[in-house]
Amino acid sequence: MAGYVLAIDQGTTSTRAIVFNGEMKIAGMGQKEFRQIFPKSGWVEHDPEEIWDSVVWTVKQALKEARLKASDIAAIGITNQRETVVVWDRETGKPIHNAIVWQDRRTARYCETLKRQGLEKLFTRRTGLLLDPYFSGTKLSWMLSNVKGARARAAKGELCFGTIDTFLIWRLTGGRSHVTDATNASRTLLYNIGDNCWDEDLLEVLRVPAAMLPEVKDCSDHFGICDEGLFGAAIPILGVAGDQQAATIGQACFEPGMMKSTYGTGCFAVLNTGTDLCRSKNRLLTTIAYRLDGETTYALEGSIFIAGAAVQWLRDELGIIEKASQSGELAAEADPQQEVYLVPAFTGLGAPHWDAEARGAIFGLTRATGPAELSRAALEAVCYQTRDLLDAMRKDWRSHGGETVLRVDGGMVASDWTMQRLADLLDAPVDRPTILETTALGAAWLAGSKAGVWPDRKAFAESWARQRRFEPQMDEKTRSAKLRGWKDAVRRTLT
């Protein structure tokens, strides 16, 4: 066995399949975008069949590019957009509705109703999460209430619920495996992260029948065998983790106090707290970082809904750049005398504010403001939001007294300008790894290590390599002034 591992990275706007060789280097890749469906303002859906088709196509493309056959692959690892909900018929495998995406805000009023009933503390205590439309539980409840006959059918065991990983495993195994992993389960509002089980009380509150829930496994486990007829060989699925946890693993953040931040459509910062189930007092999320060999490692997470999506907005809606890579170049040309702030609350504000009704705003515009200043504002918004998360994490978890070094990944980190500004505003070093595909790498490691063809946790951590470190260069007076301006802009947006 040559040690080849296939990672399926099913994201919010595209699916990628990556074949890694025995040296954990990329041997072949396939990528395909799919439709974003917006039925109403604030609603976001995906067609699960399009997602499935994109997975099949990208896997075949990755194998073709790597010049391999499916029989050369030792194992499959899956990582996925989290919180996105799919419900399908147990007999036919057909979805009963479009997938409701993590960005979707249709259940905002329902969440407010539950809060008024005094239930948020119960959910937070059991799940580590807040009552926000972001998470899977209220989306699932909406689907059961709004698709005719769905809740009755679910109670009879005729319907299956799953996040994207579960749906893909079901399809890959021909309906033989209805499973998920602990990280994806921990994002549903239905899973007790202390007891590591589905929570009967929360299921009752959201009126979700237990019969439709998947079995929860470790992140590195046996999830089923991929059908031989799909790609030409039966391949075991041995690793699964939600995208942010997979990136945490791919960045080798295995020790308490280590922190990574991924800059994709959104931005997600994760701080490893070890076996300490740290309950946030600053409206961060307590979540499962990973579960290996039955041992749960926890994390604090801060979720920013809009990061790279702000750059897409510059490109697609404003038309001031033709490709995302131009944003940093344009930002570098901005007038330093203009302080323009973009609060990108296009789908509400995430941590630490959690305001589902907030909407985007721009402050500091003058007659001289142009594309360069708007580009800088969009990129700086990501940096400011990361600073907010880091400040909250430092308040919540005081066990770590050393210097914070942020390991970064995702599409935005290719911009030197953005990473330097991030280090400046955090007043902390930022490390960019040599392998930027850390999400896929994390899923691949979970599968490859389980298959025995990749190194164990310690050796994998030692293999992590830094491509560049960005050190803070901004003086404290400038940094403080910019941070005050950002906080004022957020305050005005929230009111």
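Residues numbered from 1 in each chain as written. Predicted model: local features only at pLDDT ≥ 70, side-chain atom pairs only at ≥ 80, totals over all residues. Heavy atoms only, no water.

- By the naming in an unreviewed UniProt entry, the protein chain goes by Glycerol kinase and is assigned to Neorhizobium lilium.
- Recorded under Catalytic activity (unreviewed entry), the UniProt text for the protein chain is reproduced unchanged: "glycerol + ATP = sn-glycerol 3-phosphate + ADP + H(+)".
- According to UniProt, the comment filed for the protein chain under the heading Sequence similarities (unreviewed entry) is "Belongs to the FGGY kinase family." (UniProt positions renumbered as here; feature names shortened; annotations may be inferred.)

**Description of the pattern of salt bridges**
(1) Moving on: As enumerated under the stated definition, the model contains 36 salt bridges in all.
(2) Moving on: Among the salt bridges present, the one from Arg105 reaches Asp132, with a minimum N-O distance of 3.1 Å. Residue Arg105 is found in the loop between β7 (99-100) and α2 (108-116), and its partner Asp132 is found in the loop between α3 (120-127) and α4 (136-146); the two are separated by 27 residues along the sequence.
(3) Moving on: Relative accessible area serves as the criterion here: at 7%, Arg105 is assigned to the buried category.
(4) Moving on: The buried category is assigned to Asp132, whose relative accessible area is 2%. (Salt bridge = Lys/Arg side-chain N within 4 Å of Asp/Glu carboxyl O. Helix = DSSP H or I, 4+ residues; strand = E, 2+ residues; numbered from the N terminus. Buried < 20%, exposed > 50% of the residue type's maximum accessible area, 1.4 Å probe, protein only.)

**Notes on helix α6 (residues 164-172)**
In an α-helix, one turn spans 3.6 residues; hence positions three or four apart end up facing the same way.
(1) Moving on: Burial analysis of α6 places nine of its nine residues in the buried class, which makes it a mostly covered element.
(2) Moving on: Looking at α6, one finds that the buried residues are Ile164, Asp165, Thr166, Phe167, Leu168, Ile169, Trp170, Arg171 and Leu172.
(3) Moving on: Positive backbone phi, approximately 65°, marks Gly174, located one or two places after α6.

**Comments concerning the UniProt feature "binding site: ATP" (unreviewed entry) in the protein chain**
(1) Moving on: Within the UniProt annotation, "binding site: ATP" (unreviewed entry) is assigned to Thr12, Thr13, Ser14, Thr265, Gly308, Gln312 and Gly411. Annotated residues spanning 400 residues; largest pairwise C-alpha distance 14.0 Å, indicating a single compact cluster.
(2) Moving on: In this structure, Thr13 sits in the loop between β1 (4-10) and β2 (14-20).
(3) Moving on: You can see Gly411 is positioned in the loop between β21 (406-409) and α14 (416-426).
(4) Moving on: Using a relative accessible area of 66% as the deciding quantity, one classes Gly411 as exposed.

**Describing the environment of Met212**
(1) Moving on: Here Met212 is to be found in the loop between α8 (200-206) and β12 (215-217).
(2) Moving on: For Met212, a relative accessible area of 0% corresponds to the buried category.
(3) Moving on: On a C-alpha basis, the gap between Met212 and Glu200 in space is 13 Å, while along the polypeptide they are twelve residues apart.
(4) Moving on: With near-sequence residues (within four places) excluded, Met212 lies in contact with Val87, Arg90, Leu140, Leu144, Ala154, Leu159, Cys160, Phe161 and His178. (Contact = heavy atoms within 4.5 Å.)

**Thoughts on the sheet that holds β2**
(1) Moving on: Pairing is mixed in the open sheet, where six strands are placed in the order β3-β2-β1-β5-β14-β13. Because the sheet does not close on itself, it has two edges, and the strands there are β3 (26-33) and β13 (220-226). Geometrically, the sheet is characterised by an average inter-axis angle of 25° between neighbouring strands, direction not taken into account.
(2) Moving on: Relative to strand β14 (residues 235-242), β13 runs antiparallel, the two sharing four bridges. Directly across from Ile225, in β14, lies its bridge partner Pro236.
(3) Moving on: Along the sheet, helix α10 (residues 243-250) contacts β5 (73-80) and β14; its crossing angle with β14, the most-contacted strand, is approximately 100°.
(4) Moving on: Where helix α15 (residues 438-451) meets the sheet, its contacts fall on β1, β2, β5, β13 and β14, and the angle it forms with β5 comes to roughly 140°. (Pairing = 2+ DSSP bridges. Axes fitted to C-alpha atoms, helices over the stretch in contact; angles between N-to-C directions.)

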